[in-house]
Amino acid sequence: MVCILSGMSEEPACAFGVPVPYTASLPELREQLAAPGPKAWAACLALGRRSDPESLALLVEAAARGWDYRNLAIQSLGRHPLGAGAADVVLAGLGDPVSQVVRTSCDAASRLGLTAARGKLRELVRSADAQIRFHALRALGAVWTEEDYAQVWTLFKKDPEIFVRQEAAAVLKAAASVQNWRRLFDHWKHSPLPQYRLWACGLLAEFGQPGDMSELQRLVRDGNIHVRRAAQKLSDKRGREK
């Protein structure tokens, strides 16, 4: 039997070397949760795919146990249709002493859109742990307000880890608006990374004005074929609109 590890599928058939018991009854799932180990962890995943209050209550109970239970229970709360009803458990997880639980709680807060997490997430993006900064950034993007822009911009420019800088860039791209797009565009159009120059084309397509055509023509001559194609496509479209 081939088993899919947790995190590789929205609804894995197996995890931790055992089948995930999606069709088990609540009493059966409670029994599987009794002793720590693969069956208990798989039961946590199964509970997260249910939609009844009783399954939510079992996950809350599991989150009060050891860190391995907390981690899987919070992950499943983030996927549970009623998960926002246990927001206090997820918020508590953001301050957990185990970094894995903190990262999982960031992801759960993101999935649930917990705006109450914003203050703690803003603290976590300053964590000494780069993985925590990464997950907190992603979650902050899900509950974004313009007040977060300066902090995320600083991470994009100055974080020592490239994967954190890349996540900050993705958050800024998703949050681009008519008010802030030009700052991103002016930075990305000169980036040595083709991906960011391609994103600059996308910003120009969404927010650019007729006076920005000179910028577009420069991107049409870009050294990267994907950037050139994107810019040319936009140029052709603007030409037809005249």
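Refer to the structure presented above.
Model, not experiment: these values are computed from the prediction.

Draft legend 1. Layout of the pattern of salt bridges. Taken as a whole and judged by the stated rule, the model has 14 salt bridges. Across the salt bridge formed by Arg118 and Glu147, the nearest N and O atoms sit 4.0 Å from each other. Here Arg118, found in helix H7 (residues 118-124), pairs with Glu147, found in the loop between helix H8 (130-142) and helix H9 (149-158); they are 29 residues apart in sequence, far enough to count as distant. Judged by relative accessible area, Arg118 falls into the buried class, the value being 15%. Ionic pairing is found between Arg133 and Asp159, a salt bridge with its closest N-O pair at 2.7 Å. Of the two residues, Arg133 sits in helix H8 while Asp159 sits in the loop between H9 and helix H10 (162-174), which places them 26 residues apart along the sequence. According to the relative accessible area criterion, Arg133 is buried, its value standing at 7%. Taking the relative accessible area as the measure of exposure, Asp159 reaches 5% and is therefore buried.

Draft legend 2. Examining unusual backbone geometry more closely. One non-glycine residue with positive phi stands out, namely Phe16, at about 60°. Counting through the fold element by element, Phe16 comes out in the loop between strand E1 (14-15) and strand E2 (18-19).

Definitions and cut-offs
- Residues numbered from 1 in each chain as written.
- Predicted model: local features only at pLDDT ≥ 70, side-chain atom pairs only at ≥ 80, totals over all residues.
- Heavy atoms only, no water.
- Salt bridge = Lys/Arg side-chain N within 4 Å of Asp/Glu carboxyl O.
- Helix = DSSP H or I, 4+ residues; strand = E, 2+ residues; numbered from the N terminus.
- Buried < 20%, exposed > 50% of the residue type's maximum accessible area, 1.4 Å probe, protein only.

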